[in-house]
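Letter by letter, the chains look like this.
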Amino acid sequence: MAASELCYLRPKVIANFAITWDGRISTWNRTPANFSSPADKRRLLEIRAEGDAVLASATTVVADNMTMGLPDPALRAVRRARGQGEYPLRVLVSGSGAINPELRIFSETVSPVVVFSTERMPADVKVGLEGRATLRLDRGPDVDLRAMLHVLKEEFGVQSVVCEGGGLLFNAMLRSNLVDEVCLTLCPRVFGGKRGVTLTGTAAEWLPFAVPVRLVRFEIIGAECFTRWSLRV
Ligand SMILES: NC(=O)c1ccc[n+]([C@@H]2O[C@H](COP(=O)([O-])OP(=O)(O)OC[C@H]3O[C@@H](n4cnc5c(N)ncnc54)[C@H](OP(=O)(O)O)[C@@H]3O)[C@@H](O)[C@H]2O)c1
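Residues numbered from 1 in each chain as written. Predicted model: local features only at pLDDT ≥ 70, side-chain atom pairs only at ≥ 80, totals over all residues.

Caption draft 1: The arrangement of the overall build of the protein chain in detail. If you tally the helices and strands in the protein chain, you get 8 helices and 9 strands. Scaling as 2.2 N^0.38, a compact globule of 233 residues should have a C-alpha radius of gyration of about 17 Å, and the protein chain matches this with 17 Å. Along the longest, intermediate and shortest principal axes, the C-alpha atoms of the protein chain span 45 × 40 × 35 Å. Scored against the burial criterion, the 233 residues of the protein chain give a buried share of 36%. Of the contacts made within the protein chain by residues no fewer than 6 positions apart, 72% connect residues no fewer than 24 positions apart. (Helix = DSSP H or I, 4+ residues; strand = E, 2+ residues; numbered from the N terminus. Rg over C-alpha atoms; globule rule 2.2 N^0.38 Å. Buried ≥ 20, exposed ≤ 12 C-beta atoms within 10 Å, placed from the backbone. Contact = placed C-beta atoms within 7 Å.)

Following this line, the structure appears as structure tokens:
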């Protein structure tokens, strides 16, 4: 597909993860992903600040108690200078729609929250999210991620999305060929175990095809290795 066609259909998607030496993004019991260095956490915010929107599953937002904001005024100033809104649009994905409206992300009103879910969302959640988020509910069993990106582009003017996980959402994005770049910080930890969450979900989750990737950046910083990969090879 030509790059121009791609631009027309959907925003550019950059995913960002910290992974352990053995390829895990979390432990078997999904403890918060705070195993990377302060420098990596700072870089996460810098990468988040690149996007018109930041995307995560509701599972990850709960696990990591995320607000998806940008606490550093300097990053917000850079966005303003680029002509972007001060904060990225915050986008949540959940098939079940089992989302607690009292989550921190909804009380932190820095930028609008858009929830892409399905008609399976419980009625009380729909009511609870009124005034806190814009709902887009698919009729199918899952969210059509390609259509979601198209809506973000056409209706919300989003040209770039930073996907912050987790593994299952990333897996679903890869299956639909919706990822353009991936930032990976390799961290000096080993979590082990087949139930530890990998970059593409648990070890039982498989991709129906191999995804070719190309290394475009490589930097050793302290005990970690920051890498950036293109999926448009
Ligand atoms: N190290 C890192 O950089 C990093 C980054 C992000 C997350 N994490 C960690 O990863 C763990 C969570 O990862 P995970 O793989 O278990 O789960 P996940 O990818 O965060 O979330 C999976 C959930 O996303 C929703 N989902 C995914 N694709 C969907 C689709 N097409 N349509 C509708 N809903 C969809 C579903 O939600 P419903 O169940 O609601 O339907 C699904 O159960 C947490 O421990 C978190 O801390 C680590």
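Caption draft 2: Just the confidence of the model for the protein chain, in detail. Per-residue confidence for the protein chain gives a mean pLDDT of 94, with 97% of residues at or over 70. The low-confidence segment residues 1–5, where pLDDT is below 50, has 1 contact with residues more than four positions distant or belonging to other chains. (pLDDT = per-residue confidence, 0-100.)

Caption draft 3: Structural context of the environment of Ser176. Position of Ser176 among the secondary structure elements: in the loop between α8 (167–175) and β7 (181–187). You can call Ser176 exposed: it has 11 C-beta atoms within 10 Å. Placed 13 residues apart in sequence, Ser176 and Cys163 show a C-alpha to C-alpha distance of 14 Å. Ignoring any residue separated from it by four or fewer positions in sequence, one finds Ser176 in contact with Leu145 and Arg146.

Caption draft 4: Molecular detail of helix α4 (residues 73–82). When you tally the buried positions in α4, you get 0 out of 10 residues, a small fraction of the element. Gly83, located one to two residues past α4, shows a positive phi value of around 90°.

Caption draft 5: Representation of the site of the ligand in the model. Within the structure, the ligand sits among 30 residues, and Ser57, Gly95, Gly165, Gly166 and Gly167 are positioned closest to it. Of all the elements in the fold, those that place two or more residues in the shell around the ligand are β1 (12–20), α3 (58–63) and α8. Its residues assigned to classes, the shell around the ligand shows 15 nonpolar, 11 polar and 4 charged. (Near = placed C-beta within 6 Å. Nonpolar A, V, L, I, M, F, W, Y, C, P; charged D, E, K, R; others polar.)

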